[in-house]
Amino acid sequence: GKVTVVGTGKYDDRAARLTNLVQSKTQVDVVFSGMEDFPSYATTNLVRPIDTSKFDFSKAPYDINNKKNSYTKLNGNTYFVKTDDTTGGYVLLYNKTLFENAGLKTPAELYKEGNWTWDTFRDAARNLTQDTNSDGKNDVYGFADYDINALLCSNGVSLLNYDGSKFSPNTDARVKRAYQLYYDMYNVDKSICTDPWSWSTDMVQGKLGMVCQKVSQLLYWKSQTNKYEFDLAPLPKGVDANEHYAALNYENCFAIGATCKNADGAYAYIKFYIEQTQGKLYNEKTAGAKLNANQEKMLKEISALTANPYSPTGFGSLKNDATSLLWDIRGGKSVGSALEFWHNVLKQDIDIAMKNSK
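This one's a predicted model, so the numbers in the text were calculated from it and none came from an experiment.

### Points about the overall build of the chain
Point 1. In terms of regular secondary structure, the chain is built from 13 helices and 13 strands.
Point 2. Computed over its C-alpha atoms, the radius of gyration of the chain comes to 21 Å, within 12% of the 21 Å expected for a compact globule of 358 residues.
Point 3. Considering only C-alpha atoms, the chain reaches an extent of 60 × 45 × 35 Å along its principal axes.
Point 4. In the chain, which comprises 358 residues, the share counted as buried stands at 52%.
Point 5. For the chain, the computed accessible surface area is about 17100 Å², with 46% contributed by carbon and sulfur atoms.
Point 6. Taking the average location of the 41 positive side-chain charges in the chain and that of its 41 negative ones, the two points are 5 Å from each other.

Encoded structure:
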């Protein structure tokens, strides 16, 4: 078969491109998306409901669509097809060399001991943070992250609540404690990198100890340098959690475009793509880098952990507002005050988006 790709360009411009394609009645059979696009693509009629009879949602790799917090339906219709993430989702990646040079047990070692918790995670980040040139500013940080999702997931919660039909900001005390951990690490310990976007370069340059990311990033770092050794572990167990969680972010989602003209071809393509890439780590920049046997084993263990998916953020300005919440906390605003204000804003984002969808 022949597949024509339309609307390519920058990631952050994807919604505008899709809108222009649909409004110009350009044929768009398949839409590749992520949870940042749910439910916005459905509420703005950029995609249409899928025919669920085309997929066997009782079996892998499609059975994730039937599990808790799969976030596929809106107003009773199913709009997105998701796949089981057998590559561990977002895990704790770290510079093993930095840990060894500092005489610290690695996250993997602490996990095997049953002692990989928020406390040991915070201690490790604090101990790895350094001002190497004595200029009064840290230039090696223990941890970096530009959102709070992984820490929320590690404590058994997500940014939003979902009761099967409605979304709302999560006001659980476990949410507050995750933000408080971030506040303490950033403002008290000063162990979180002040530049939220430099984590990949910093890791390759030996300026960062830990980050929560996809395992494909580890392969990329391996292909970039042999000066440092990198490794992976599960997310640390949250203070309220009884187990370690696998933090899943549904990035590989498929929908049927509103201007689809070849439905049979669309469903065939979705099935082909999902079934051919299932469980495979791929990155065009890894230059043949591979996980070693111990890392493969660890990844398999992480993939078997209870899944705690990220919340969708495609509710108007919700993604940006959730980022602003975290930025207030980075700026020193108390967790209680920040959550009280921004949870009201997030609720408004959700209410406006859902009202416009009816």
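### Re the sheet that holds strand β5 (residues 91-95)
The pairing of strands in a sheet comes from backbone hydrogen bonds and takes either a parallel or an antiparallel form.
Point 1. Pairing within the open sheet is mixed, and its 4 strands lie in the order β6-β9-β5-β10. Taken across any chain shown, the strands that pair with only one partner, and hence form the sheet edges, are β6 (141-144) and β10 (230-233). Adjacent strand axes in the sheet meet at a mean angle of 20° when their direction is disregarded.
Point 2. Sheet topology places β6 next to strand β9 (residues 208-213); 3 bridges connect them, and they run parallel. Looking at β9, one finds that Phe 143 is bridged to Met 210.
Point 3. With respect to the sheet, helix α9 (residues 215-224) is in contact with β5, β9 and β10, its orientation differing from that of β10 by roughly 170°.

### Describing helix α5 (residues 118-128)
Point 1. For α5, the complete set of buried residues consists of Trp 118, Thr 120, Phe 121, Ala 124, Ala 125 and Leu 128. Down the axis of α5, the sector holding all buried residues measures 165°, keeping them to one side.

### Some words on the sheet that holds strand β2 (residues 47-48)
Point 1. On the basis of which strands lie adjacent, the open sheet formed by 3 strands has the order β1-β12-β2 and antiparallel pairing. Each edge of the open sheet carries a strand with a single partner, namely β1 (30-33) and β2.
Point 2. Contacts between helix α10 (residues 263-277) and the sheet are confined to β1, β2 and β12 (253-257), with β12 contributing the most and set at about 170° to the helix.

### A look at unusual backbone geometry
Most peptide bonds take the trans form, and the phi angle of most residues other than glycine is negative.
Point 1. The amide bond that connects Phe 38 to the next residue, Pro 39, takes the cis arrangement and shows omega of 5°.
Point 2. Locating Pro 39 in the fold gives a position in the loop between β1 and α2 (40-43).
Point 3. Between Ala 60 and the following residue, Pro 61, the backbone shows a cis peptide bond with an omega angle of 5°.
Point 4. Of note, Pro 61 is situated in the loop between β2 and β3 (73-74).
Point 5. The backbone of Asn 45 shows a phi angle near 60°, a positive value even though the residue is not glycine.
Point 6. Note on placement: Asn 45 falls in the loop between α2 and β2.

### A closer look at the pattern of salt bridges
Point 1. Counted under the stated rule, the structure contains 13 salt bridges.
Point 2. The partner of Arg 177 in a salt bridge is Asp 240, and the shortest N-O contact between them spans 2.7 Å. Of this pair, Arg 177 sits in helix α7 (residues 173-189) while Asp 240 sits in the loop between β10 and β11 (245-248), placing them 63 residues apart in sequence.
Point 3. The exposure class assigned to Arg 177 is partly exposed, which follows from its relative accessible area of 37%.

### Notes on the packing of aromatic side chains
Point 1. Under the definition given, this model contains 20 aromatic pairs.
Point 2. Ring plane angle 90° and centroid distance 4.9 Å describe the contact between Phe 341 and Trp 342, whose orientation is recorded as edge-to-face.
Point 3. One aromatic cluster is present, built from ring pairs that chain together Phe 38, Phe 80, Tyr 162, Phe 167 and Phe 315.
Point 4. We note Arg 14 situated over the ring of Tyr 11; from NZ or CZ to the ring centre the distance is 3.9 Å.

### Description of the nonpolar core
Point 1. By size, the foremost hydrophobic cluster in this structure holds 98 residues, and its most contacted members are Phe 121, Phe 143, Tyr 179, Met 210 and Leu 232.
Point 2. If one sorts the elements of this core by residue count, helix α13 (residues 335-356) sits on top with 9 residues.
Point 3. Other than its neighbours up to four places away in sequence, Phe 121 contacts Leu 92, Trp 116, Phe 143, Leu 151, Leu 181, Met 185, Met 210 and Pro 236.
Point 4. Counting 12 residues, the second largest nonpolar core, distinct from the first, contains Ile 50, Phe 55, Phe 57 and Tyr 267.

Rules used throughout
- Residues numbered from 1 in each chain as written.
- Predicted model: local features only at pLDDT ≥ 70, side-chain atom pairs only at ≥ 80, totals over all residues.
- Heavy atoms only, no water.
- Helix = DSSP H or I, 4+ residues; strand = E, 2+ residues; numbered from the N terminus.
- Rg over C-alpha atoms; globule rule 2.2 N^0.38 Å.
- Buried < 20%, exposed > 50% of the residue type's maximum accessible area, 1.4 Å probe, protein only.
- Areas by Shrake-Rupley, 256 points an atom, 1.4 Å probe, with all protein chains shown as cover.
- Lys, Arg positive; Asp, Glu negative; His and termini not counted.
- Charge placed at Lys NZ, Arg CZ, Asp CG, Glu CD.
- Pairing = 2+ DSSP bridges.
- Axes fitted to C-alpha atoms, helices over the stretch in contact; angles between N-to-C directions.
- Contact = heavy atoms within 4.5 Å.
- Arc of directions from axis to C-beta.
- Salt bridge = Lys/Arg side-chain N within 4 Å of Asp/Glu carboxyl O.
- Phe/Tyr/Trp six-rings, centres within 6.5 Å; stacked < 30°, edge-to-face > 60°.
- Lys NZ or Arg CZ within 6 Å of the ring centre and 35° of its normal.
- Core = buried A, V, L, I, M, F, W, Y, C linked by side-chain atoms within 4.5 Å.

Don't take any of this as a statement about function, it's just geometry.
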